Number of protein chains: 2
Amino acid sequence: MKIIELHKTISESNDKDAFELKEELRKQKVLFINLMSSPGAGKTTLLSRTILDLKDEMNIGVIEADIDSDVDALKIEKTGALSIQAHTDGMCHVDAGMSKKALDELDLKNIDLVFLENVGNLICPAEYDTGAHKNVMILSIPEGDDKPLKYPLIFSKCDVLLLTKIDTINYFNFDFEKVIKRVKKLNPNILIFPVSSKTGEGMKEFEDWLKENRL
Amino acid sequence: MKIIELHKTISESNDKDAFELKEELRKQKVLFINLMSSPGAGKTTLLSRTILDLKDEMNIGVIEADIDSDVDALKIEKTGALSIQAHTDGMCHVDAGMSKKALDELDLKNIDLVFLENVGNLICPAEYDTGAHKNVMILSIPEGDDKPLKYPLIFSKCDVLLLTKIDTINYFNFDFEKVIKRVKKLNPNILIFPVSSKTGEGMKEFEDWLKENRL
């Protein structure tokens, strides 16, 4: 497992960089997915489960973006997937230039799907196109059903919302109907999958969506 | 309940603004506390409980900083405390100038303690001195015990760490000893209180600390 240091990209236009990266990856038939959430919502656990479930069908690589540490990349490595730990030099997000640098460290010829596990944060990552073809976000049950009201931008930018840790639903006040209504108001086309990485409930629906979007 | 719009402060030095704000509030005998955490860690629930527990002893005001919505200030209002909802114009943190503007909206003559509920985020809020006399952060059990490894700056800047939602400890893998060791390595003087805003467990220790720090 490799650790790389990423710094803010000096670029005229992040949107242009992101567009070019998407095109380049499309040519290489590598689906690139940006995964965002609060800290501790369970991004790494969800990725580990997804990789294990799909390992006979797809070769998956993971870029773990964090300010510090290598704990997430080490967890991913245990699944057998290729993982890179990317440190963001204190930054709260990943831009397209940073994605590109991290992707350059992976052997894309043998990879079908790359996940970028973005920095745990509901604000800054939503403001930068990472060059990913699809944006997926996690809202975990313990975080509460008011989050779409408080962080509307990120919910409006995602293709998929995963409502995770549904195995803990009995211990928290979380109103699924309210969340779905609030999210659909911001983003009518978003797909919402309730899942548990622990029990596996609902994971098939998300994994089927990944397979459908394969390039 | 009032909603105000805050914008990035144009200032030579945020640290200087913060220092002056602390001094000014000290003269007015108003203790100002900055509360930080991830989204959904339970800042508002903890504040509601604290206000209800202390309402016969202290007059408490709350500044609710959020990108959007007024759900938190409405919750605080139900406790009888003075609350202001401050929108941060999309920004992921609060600086000292923004704090000052929000404090100007409260009748400080009749207030002993003001909480700033900072934007839910473990990265950006740690980079700006808000002018608060003390920094308190929450790490909730569902977020996991690896957070001090991944977000070291915020743990190093706080006077108090509240380990919250301890009533849910049986449903999550969370190693108290590991967290305490990791946090103390970053910040040997930090005080750590395990609490549950739901059951009230441990709240007295935190509330006693607030009373000891009264100005």
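Residues numbered from 1 in each chain as written. Chains lettered and ligands numbered in written order. Predicted model: local features only at pLDDT ≥ 70, side-chain atom pairs only at ≥ 80, totals over all residues. Heavy atoms only, no water.

Counting its secondary structure elements, chain A contains eight helices and eight strands. In summary, chain A has a C-alpha radius of gyration of 16 Å against a globular reference of 17 Å for 215 residues, a match within 12%. Structurally, chain A occupies a C-alpha span of about 45 × 40 × 30 Å along its principal axes. Buried positions account for 60% of the 215 residues belonging to chain A. If you take every contact in chain A between residues at least 6 apart in sequence, the share linking residues at least 24 apart comes to 75%. Only carbon and sulfur atoms are counted for the fraction: they give 48% of the accessible area of chain A, which is about 9100 Å². (Helix = DSSP H or I, 4+ residues; strand = E, 2+ residues; numbered from the N terminus. Rg over C-alpha atoms; globule rule 2.2 N^0.38 Å. Buried < 20%, exposed > 50% of the residue type's maximum accessible area, 1.4 Å probe, protein only. Contact = heavy atoms within 4.5 Å. Areas by Shrake-Rupley, 256 points an atom, 1.4 Å probe, with all protein chains shown as cover.)

Turning our eyes to something else, we now look at the packing of helix H1 (residues 14-27) of chain B against helix H4 (residues 96-103) of chain B. Residues and elements named next belong to chain B. Close contact between H1 and H4 brings their axes to 8 Å; oriented N to C, the two are set at 35°. Between H1 and H4, the contacting residues are Asn 14, Asp 17, Ala 18, Leu 21 and Leu 25 on the first element and Ala 96, Gly 97, Ser 99, Lys 100 and Leu 103 on the second. Grouping the constituent residues of the contact of H1 with H4 by class yields five nonpolar, three polar and two charged. (Axes fitted to C-alpha atoms, helices over the stretch in contact; angles between N-to-C directions. Nonpolar A, V, L, I, M, F, W, Y, C, P; charged D, E, K, R; others polar.)

All names here are of chain A. For Lys 101, the position within the fold is in helix H4 (residues 96-103). The class of Lys 101 is partly exposed, set by a relative accessible area of 48%. In this structure, the C-alpha to C-alpha distance between Lys 101 and Thr 9, residues 92 residues apart in sequence, is 9.8 Å. Aside from chain neighbours lying at most four places away, what touches Lys 101 is Ile 4 and Leu 6.

A separate point is the pattern of salt bridges. Within the structure shown, the criterion is met by 28 salt bridges over all chains. As a salt-bridge pair, Arg49(A) and Asp53(A) come within 3.7 Å of each other at their nearest N and O atoms. With Arg49(A) and Asp53(A) both in helix H2 (residues 43-54) and four residues apart, the pair spans about one turn of that helix. For Arg49(A), a relative accessible area of 26% translates into the label partly exposed. Owing to a relative accessible area of 33%, Asp53(A) belongs among the partly exposed residues under this scheme. Across the pair Asp72(B) and Lys150(A) runs a salt bridge, and its minimum N-O distance is 2.6 Å. Of this pair, Asp72(B) sits in helix H3 (residues 71-77) while Lys150(A) sits in helix H5 (residues 147-150), on two different chains. (Salt bridge = Lys/Arg side-chain N within 4 Å of Asp/Glu carboxyl O.)

Take the interface of chain A and chain B next. Between chain A and chain B, the residue contacts involve 32 residues of the former and 33 residues of the latter. Surface buried jointly by chain A and chain B totals about 2500 Å² across both partners, of which 60% is contributed by carbon and sulfur atoms. Among the residues of chain A in contact with chain B, Pro39(A), Lys150(A) and Tyr171(A) are the three that bury the most area, contributing 23% of the side total. At the junction of chain A and chain B, the tally comes to four salt bridges. At the boundary of chain A with chain B, the tally comes to eight residue pairs in polar contact (both at pLDDT 80 or more). At the level of secondary structure, the elements contributing two or more residues to the side of chain A that touches chain B comprise helix H3 (71-77) and H5 of chain A. (Buried area = accessible area lost by both parts, 1.4 Å probe. Polar contact = N/O pair within 3.5 Å; in protein donor to acceptor, adjacent residues only side chain to side chain.)

Bringing the relation of the copies chain A and chain B into the picture now. Aligned on chain B, chain A shows an RMSD of 0.0 Å; the corresponding rotation is 180° and the shift along the axis is 0.0 Å. The superposition operator between the copies reduces to a two-fold rotation axis. Here 100% of the interface residues in chain A have copies in chain B that are interface residues too; the copies meet face to matching face. (Least-squares fit on C-alpha atoms with pLDDT ≥ 70 in both.)

This part takes up the packing of aromatic side chains. Inspection of every chain in the model, using the stated rule, returns six aromatic pairs over all chains. Here the aromatic rings of Tyr171(A) and Tyr171(B) are separated by 3.4 Å at their centres, their planes lie at 15°, and the arrangement is stacked. Taken as a pair, Tyr171(A) in the loop between strand E7 (160-164) and helix H7 (176-186) and Tyr171(B) in the loop between strand E7 (160-164) and helix H7 (176-186) lie in two separate chains rather than in one. Overall, the relative accessible area of 30% leaves Tyr171(B) in the partly exposed class. (Phe/Tyr/Trp six-rings, centres within 6.5 Å; stacked < 30°, edge-to-face > 60°.)

The next thing to look at is the pairing of strand E5 (residues 113-117) of chain A. Residue and element names in this part refer to chain A. Most of E5 is tucked away, with five of its five residues classed as buried. On E5, burial covers both faces: Leu 113, Phe 115 and Glu 117 on one face and Val 114 and Leu 116 on the other are all buried. As paired strands, strand E2 (residues 31-36) and E5 are joined by five bridges and run parallel to one another. Bridge pairing in E5 links Leu 31 to Leu 113. In the sheet, strand E3 (residues 60-66) pairs with E5 via five bridges, with the strands oriented parallel. If you follow Gly 61 over to E5, its bridge partner there is Val 114. (Pairing = 2+ DSSP bridges.)

Residues and elements named next belong to chain A. Taken in spatial order, the eight strands line up as E1-E4-E3-E5-E2-E6-E7-E8 in an open sheet, and their pairing is parallel. Bordering the open sheet on either side are strand E1 (2-5) and strand E8 (191-194), each of which pairs with just one other strand. Within this sheet the neighbouring strands show an average axis-to-axis angle of 20°, counted without direction. Strand direction decides the pairing type here: strand E6 (residues 134-140) and E7, joined by five bridges, are parallel. Across the sheet, Met 137 pairs through a bridge with Leu 161, a residue of E7.

It is worth spelling out the confidence of the model for chain A at this point. The predicted model of chain A has a mean per-residue pLDDT of 96, with 100% of residues at 70 or higher. In the predicted complex, the global pTM is 0.92; the interface-specific ipTM is 0.88. (pLDDT = per-residue confidence, 0-100.)

What follows covers H1(B). Residues spaced three or four apart along an α-helix point in a common direction, a consequence of the helix completing one turn every 3.6 residues. All names here are of chain B. When the terminal C-alpha atoms of H1 are compared, their 20 Å separation across 14 residues agrees well with the 20 Å that a helix rising 1.5 Å per residue should span. Within H1, burial applies to Asn 14, Ala 18, Leu 21, Lys 22 and Leu 25. For H1, the angular spread of buried residues about the axis comes to 100°, placing them on one side. More than 90 degrees from the buried face of H1, the exposed residues found are Lys 16, Phe 19 and Lys 27. Residues of H1 that are buried in the fold lie against strand E2 (31-36) and H4. Of the residues one or two after H1, Lys 29 is the one with positive phi, at around 55°. (Expected span 1.5 Å × (residues − 1). Arc of directions from axis to C-beta.)

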